[in-house]
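Structural features, examined
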Protein chains: 2
Amino acid sequence: MATTEPRWLDDGQQKTWRAYMAASQLLSDHIDRQLQRDAGMPHTYYSLLVWLSESPERRMRMTDLAERSKITRSRLSHAVGRLEHNGWVRREDCPTDRRGQMAVLTEEGFAALAAAAPGHVEAVRCALFDRLSAEQVCQLGEIMRTVAEGLAPHGGADLPWRR
Amino acid sequence: MATTEPRWLDDGQQKTWRAYMAASQLLSDHIDRQLQRDAGMPHTYYSLLVWLSESPERRMRMTDLAERSKITRSRLSHAVGRLEHNGWVRREDCPTDRRGQMAVLTEEGFAALAAAAPGHVEAVRCALFDRLSAEQVCQLGEIMRTVAEGLAPHGGADLPWRR
DNA sequence: CATTCGTCATTGAATGTTCAAGCAGTCGTA
DNA sequence: TACGACTGCTTGAACATTCAATGACGAATG
């Protein structure tokens, strides 16, 4: 029996996919470089601080933080290890589950975030929002929400716009 | 003199940015995992093989390949080192510039690519194109082209849709 | 309560990426 | 030709990420 011919991408899809690959690579490099230079951390780490800063008491369970950030628990462990080393996050035992750990944003961490935020926002705006029409921003949001929901493990229940 | 207040993102931009971050993270993880599992290489490396396979004589100057792929020359050197180790790419001296190196796709490399392609396309399709309308695919393409052109170093002269 | 299974989080090794430094060759210019 | 500046590519070390294995605890079951 012959294996079925794969459904290749048509021309428009191909062009869109290549544009997406180029743009997402360029964008993440651009953002990472800006943050590394001005704040001494990669974008992933910056995002962790943002989530913590928006959470009640500036703390979150490791697993929750990993889910929100779309990263593995392992990666989060390493990352928090580094942030703890920097004095920006501290670990505390979870009061209700002795297996659990809370990641807590320190004052220094909050300060580092506050210092980094303006430059970061400016970079995002320059690279993305200043170049798109209001309509395109809507379209992009809709598209990305759809994609994220399709790939999210828990039916997307943990996605940011569902909070 | 007061530093000027940063122009924060408005609510719609904020939501779009978070959706973008979630989706791009999930998507690249998804694609990377699929390729790592089924083809033994990350997506970046797969893309290198694709570019080579589409190039005349299946070869490209290192710098050109780096520019097309939107990665640094350093990263490319390491990557090609690994691909060469796998027997998928070989290096040759450039005939016209003695500083230069050509990365050449081997038969084994072409075979590895051919074997990996169907599964990869299927993954991209499932994650992205099967979930978007034809109109959204156009919109996404337009948006991503705009972003890439804004961030490309050479005025975007090396972007895929400009070939 | 004892067993078993699942969850929370971490670890170390292997792999990939970045950054700054370095070597060799080319180009422009006097 | 000689010089200095620039380009092409590589290297090693520091850093980040993945993967599989592990220990500790919780929850369900008998």
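In short, a report on the structure. Quick caveat, the model's predicted, so the values are computed rather than measured.

The immediate surroundings of DNA strand C are formed by 23 residues, with Thr63, Ser77, Arg91 and Arg99 of chain A together with Ser74 of chain B found nearest. Each atom of DNA strand C within 4 Å of the protein was classed as base or backbone; sugar and phosphate made up 72%. In the environment of DNA strand C, a phosphate oxygen lies 3.3 Å from a nitrogen or oxygen atom belonging to the side chain of Arg73 of chain A. When contributions to the surface near DNA strand C are tallied by element, the ones reaching two or more residues are α1 (11–39), α3 (62–69) and α4 (73–86) of chain A together with α2 (43–54) and α4 (73–86) of chain B.

Moving on, we come to empty space enclosed by the protein. Considering all chains together, one arrives at one cavity of 30 Å³ or more under this definition. Its volume calculated, the largest cavity comes out at about 30 Å³. Looking at the lining of the largest cavity, the elements that each hand over two or more residues are α1 of chain A together with α6 (134–151) of chain B. Per-element tally for the lining of the largest cavity: the top contributor is α1 of chain A, with three residues.

Let's shift gears to the packing of α1 of chain A against helix α1 (residues 11–39) of chain B. Contact pair α1 of chain A / α1 of chain B: the axes reach a minimum separation of 12 Å and the direction vectors enclose 110°. By the criterion of interaxial angle, the relationship of α1 of chain A to α1 of chain B is roughly perpendicular. Where α1 of chain A crosses over α1 of chain B, the two elements pack in a sense that is left-handed. Contacts between α1 of chain A and α1 of chain B involve Trp17, Tyr20, Ser24, Leu27 and Ile31 of chain A on the former and, on the latter, Trp17, Tyr20, Ser24, Leu27 and Ile31 of chain B. Tallied by class, residues from the contact of α1 of chain A with α1 of chain B come to eight nonpolar, two polar and no charged.

Counting residues at the interface gives 62 residues for chain B and 63 residues for chain A. Of the roughly 5800 Å² buried where chain B meets chain A, counting both sides, 71% is carbon and sulfur surface. The interface formed by chain B and chain A holds six salt bridges in total. Across the pair Arg7 of chain A and Glu122 of chain B runs a salt bridge, and its minimum N-O distance is 3.5 Å. Where chain B touches chain A, the interface holds twelve residue pairs in polar contact (both at pLDDT 80 or more). Among the elements of the structure, α1, α2, α5 (107–127) and α6 of chain B are those that each provide at least two residues to the side of chain B that touches chain A. When residues in the side of chain B that touches chain A are grouped by element, the largest group, 18 residues, is from α1 of chain B.

Rules of the game
- Residues numbered from 1 in each chain as written.
- Chains lettered and ligands numbered in written order.
- Predicted model: local features only at pLDDT ≥ 70, side-chain atom pairs only at ≥ 80, totals over all residues.
- Heavy atoms only, no water.
- Near = heavy atom within 4 Å.
- Polar contact = N/O pair within 3.5 Å; in protein donor to acceptor, adjacent residues only side chain to side chain.
- Helix = DSSP H or I, 4+ residues; strand = E, 2+ residues; numbered from the N terminus.
- 1 Å grid on protein atoms, 1.4 Å probe; cavity = no way out; pocket = protein on both sides within 12 Å on 5 of 7 lines; lining within 4 Å.
- Points joined across faces, edges and corners; volume = space filled by probe spheres on them.
- Axes fitted to C-alpha atoms, helices over the stretch in contact; angles between N-to-C directions.
- Parallel < 35°, antiparallel > 145°, perpendicular 65-115°, else oblique.
- Left-handed = near helix turned anticlockwise from the far one by under 90°.
- Contact = heavy atoms within 4.5 Å.
- Nonpolar A, V, L, I, M, F, W, Y, C, P; charged D, E, K, R; others polar.
- Buried area = accessible area lost by both parts, 1.4 Å probe.
- Salt bridge = Lys/Arg side-chain N within 4 Å of Asp/Glu carboxyl O.

Limitation: the analysis is restricted to geometry and does not speak to function.
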